[in-house]
Structure formats: C-alpha cells, structure tokens
Amino acid sequence: MLNIKIKYFHENLERVAKITKGNWIDLRAAADITLKAGEFKLIPLGIAMELPRGYEAHVVPRSSTFKNYGVIQVNHQGVIDGPDRETGEGGYCGNDDQWFMPVYALRDTEIHFNDRICQFRIMEQQPQITFEEVTELTGPNRGGHGSTGTK
C-alpha cells in the first residue's frame, strides 16, 4: 500500500476520503468561484501531495461537472508529476505546490467552496521505452477502424 503525504491549504476543506482499490478520488473546490460564459479560471483544489517516486496523479472532471457547472477542463486531463522513478528528482510535490483545475465556462456559473468538481487517481509513471522502426507489424490486422473494425 502506498502512503501519500497530503497538505490541506484550508482547515474547512472536506478531507480526501479513503477509497477502495480502483476508484477515482473526488477533489473539491477550495474557493467560491463565479464565472461568466467564455471565462477561464484556475480553480484551487486546496491540496498538495508528496507523491511517491515513480508515480503521478491524473486529474479529470467528474462525470457531472459539465452538467452541474457548465465548465470544461481545458487540458482535458491534468498530470501532476511526481519525482522521477529513476533519479527521484523533480515533481510537483513541494509545500506550496497546490493543485488547480483549469476550466473554461460555457455558461454563467457558480462553484462553491467544497463542491466536488473533479477527481484523480495515482498512476505509475511510464517506464523508459525505445521505439524500433519496422516496415511491417506482425499483429492481427483489423483494417484500421476502432474496436468494431467496420467503416
């Protein structure tokens, strides 16, 4: 089991809930935010984490975020870098490295302190890879069309 240090920037922010394996973890807005249609803002999430070496966090909207608030996450998926698996260097895991969700409003909206606005999960960083250029691949040919193989 991974142990992850978490810092809260607000005493009244609801704490991250313990989850079972495989679930996404909800994050909350750490400020009251008012947006007009067409506006961009960074929503503070009120936390910083010291991710373990070789791990990163993927932050995405909750399934109800657009319906409830009329905002989209402009980077579609945020990646919070942890320390490099090989060197242990880098990462966004310092004392003042608060997480944010960048959003664009498609309608006038309000997001309130402690509203569940996005979710995250911890993932292993991609291992080092190399690419080998070939003229042919040997796997099954599905015709180049998604999972159905039909046009």
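Residues numbered from 1 in each chain as written. Predicted model: local features only at pLDDT ≥ 70, side-chain atom pairs only at ≥ 80, totals over all residues. Heavy atoms only, no water.

Draft legend 1. Highlighting the overall build of the protein chain. When its secondary structure is counted, the protein chain shows one helix and 11 strands. Seen in sequence order, the protein chain has helices and strands lined up from the N terminus as β-β-β-β-β-β-α-β-β-β-β-β. In terms of overall size, the protein chain is more extended than a compact globule, its C-alpha atoms giving a radius of gyration of 19 Å where 151 residues would be expected to give roughly 15 Å. Summarising its shape, the C-alpha atoms of the protein chain cover approximately 55 × 40 × 30 Å along the three principal directions. Looking at the protein chain as a whole, 33% of its 151 residues are labelled buried. When contacts within the protein chain are restricted to residue pairs at least 6 apart in sequence, long-range pairs at least 24 apart make up 79% of them. Split by element, the accessible area of the protein chain, about 10,200 Å² in all, is 48% carbon and sulfur. In the protein chain, which carries 17 positive and 20 negative side-chain charges, the distance between the mean positions of the two groups comes to 9 Å. (Helix = DSSP H or I, 4+ residues; strand = E, 2+ residues; numbered from the N terminus. Rg over C-alpha atoms; globule rule 2.2 N^0.38 Å. Buried < 20%, exposed > 50% of the residue type's maximum accessible area, 1.4 Å probe, protein only. Contact = heavy atoms within 4.5 Å. Areas by Shrake-Rupley, 256 points an atom, 1.4 Å probe, with all protein chains shown as cover. Lys, Arg positive; Asp, Glu negative; His and termini not counted. Charge placed at Lys NZ, Arg CZ, Asp CG, Glu CD.)

Draft legend 2. Up close: the sheet that holds strand 2 (residues 25-28). Pairing within the open sheet is antiparallel, and its four strands lie in the order 2-11-6-8. The open sheet is flanked by strand 2 and strand 8 (78-81), the only strands paired with a single partner. Averaged over neighbouring strand pairs, the angle between their axes works out to 35° when direction is ignored. Two strands pair when backbone bridges link them, and strand 2 and strand 11 (residues 116-124) are joined in this way by four bridges, in the antiparallel orientation. Bridge pairing in strand 11 places aspartate 26 opposite glutamine 119. (Pairing = 2+ DSSP bridges. Axes fitted to C-alpha atoms, helices over the stretch in contact; angles between N-to-C directions.)

Draft legend 3. Local environment of the sheet that holds strand 7 (residues 71-73). In spatial order, the strands read 4-9-7; together these three strands make up an open sheet with antiparallel pairing. The sheet is open, and its two edges are formed by strand 4 (40-44) and strand 7, each paired on a single side. On average, adjacent strands in this sheet sit at an angle of 40° to one another, irrespective of strand direction. Summarising the sheet, strand 7 and strand 9 (residues 100-105) pair through three bridges and their orientation is antiparallel. From the neighbouring strand, valine 71 faces strand 9, where its bridge partner is alanine 105.

Draft legend 4. View of the side chain of histidine 58. Mapping histidine 58 onto the fold places it in strand 6 (residues 55-61). Here glutamate 56 takes part through its side chain, which lies 2.8 Å from a polar atom of the side chain of histidine 58. Engagement of the side chain of histidine 58 in a polar contact is seen with the side chain of glutamine 77, the distance being 3.3 Å. (Polar contact = N/O pair within 3.5 Å; in protein donor to acceptor, adjacent residues only side chain to side chain.)

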